[in-house]
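Take a look at the letters that make up each chain.
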Amino acid sequence: MGDYDNAITVAVPPRRLFAYLADVENLPHYMPRLTAAQPHDGDRVTVTAHIDPEDAPEQDVTSEAWIRVLEEGRTLEWGAPGPNEYHGRLHVGRGESADTSRLSVELHTARTEGEQVDEGLREALRGIKAAVEAPEH
């Protein structure tokens, strides 16, 4: 079992960052390998990812997940059914100034490839930062 966490400073106000993250359809803009995210049935989301596993051909896979947007506390919780007990939380807090945010992520998974999971978290945080700081947002 593994518990992982990381954080990053983002150069946008917390309200703006949380609004961006709370829109589930933005997931493919910052989550590596995700190509689609369709919310439905309350907190349910159908996601499609493009993967290139070592022991199988490159492919698109579709699965179900859930995401809960908790306005109070500016938190998103998510998870996916399956053998890895995959679930986590994003929290948006105030940064050092009113125009910055502190984005933290916590992840729990039964997978124990520590460095690979840590790098995945860093990649996701960098993706969020780049997407929300882009001029068009």
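Residues numbered from 1 in each chain as written. Predicted model: local features only at pLDDT ≥ 70, side-chain atom pairs only at ≥ 80, totals over all residues. Heavy atoms only, no water.

Each aromatic ring pair is specified by the distance between its two centres and by the angle formed by the two planes. Following the criterion strictly, the structure yields one aromatic pair and no others. When the ring of Y20 is compared with that of Y30, the centres are 5.9 Å apart and the planes differ by 45°; the resulting orientation is tilted. Taken as a pair, Y20 in helix 1 (residues 14-22) and Y30 in helix 2 (residues 27-30) lie far apart in primary sequence, ten residues in all. Each member of the pair, Y20 as well as Y30, carries the same accessibility label: buried. Positioned above the aromatic ring of W66, the side-chain terminus of R68 is 4.0 Å from the ring centre. (Phe/Tyr/Trp six-rings, centres within 6.5 Å; stacked < 30°, edge-to-face > 60°. Helix = DSSP H or I, 4+ residues; strand = E, 2+ residues; numbered from the N terminus. Buried < 20%, exposed > 50% of the residue type's maximum accessible area, 1.4 Å probe, protein only. Lys NZ or Arg CZ within 6 Å of the ring centre and 35° of its normal.)

Along the chain, G73 turns up in the loop between strand 4 (59-70) and strand 5 (75-80). Sequence separation between G73 and V10 is 63 residues; the distance between their C-alpha atoms is 17 Å. Beyond its immediate sequence surroundings of up to four residues, G73 is in contact with H91 and V92. (Contact = heavy atoms within 4.5 Å.)

It is worth spelling out the pairing of strand 2 (residues 34-40) at this point. Summarising the sheet, strand 2 and strand 3 (residues 44-51) pair through six bridges and their orientation is antiparallel. Following the sheet pairing, Q38 is matched in strand 3 by T46. Where strand 2 folds back on strand 3, the antiparallel hairpin that results is connected by three residues, among which D41 adopts a positive phi of roughly 50°. (Pairing = 2+ DSSP bridges.)

Quick look at the sheet that holds strand 7 (residues 101-109) now. Strand order across the open sheet formed by seven strands is 1-7-6-5-4-3-2, with antiparallel pairing between neighbours. Strands at the two margins of the open sheet, each flanked by one partner only, are strand 1 (2-10) and strand 2. Geometrically, the sheet is characterised by an average inter-axis angle of 20° between neighbouring strands, direction not taken into account. Strand contacts of helix 1: strand 1, strand 4, strand 5, strand 6 (86-94) and strand 7, with the helix running at about 155° to strand 6, the strand carrying the most contacts. (Axes fitted to C-alpha atoms, helices over the stretch in contact; angles between N-to-C directions.)

The subject of this paragraph is unusual backbone geometry. The backbone of D41 sits at a positive phi, close to 50°, despite the residue not being glycine. Tracing the backbone through its elements, the reader meets D41 in the loop between strand 2 and strand 3. Positive phi, close to 45°, is recorded for R74, a residue that is not glycine. With respect to the helices, strands and loops of the structure, R74 is situated in the loop between strand 4 and strand 5. Given a relative accessible area of 30%, R74 falls into the partly exposed group.

Moving on, we come to the nonpolar core. Of all hydrophobic cores here, the largest spans 30 residues; its most connected members are L17, L21, L90 and L103. Ranked by residue count, the leading element in this core is helix 3 (residues 114-133), at six residues. Sequence-distant contacts of L90, that is, excluding residues within four places in its chain, are made with L21, R74, T75, L76, W78, L103, S104, V105 and I128. (Core = buried A, V, L, I, M, F, W, Y, C linked by side-chain atoms within 4.5 Å.)

Turning our eyes to something else, we now look at the environment of I8. Its place among the elements puts I8 in strand 1. A relative accessible area of 16% means that I8 is categorised as buried. Distance in space between the C-alpha atoms of I8 and K129 is 8.0 Å, their sequence separation being 121 residues. Once you skip the residues sitting within four places of it in the chain, I8 turns out to touch S101, R102, L103, L125, R126 and K129.

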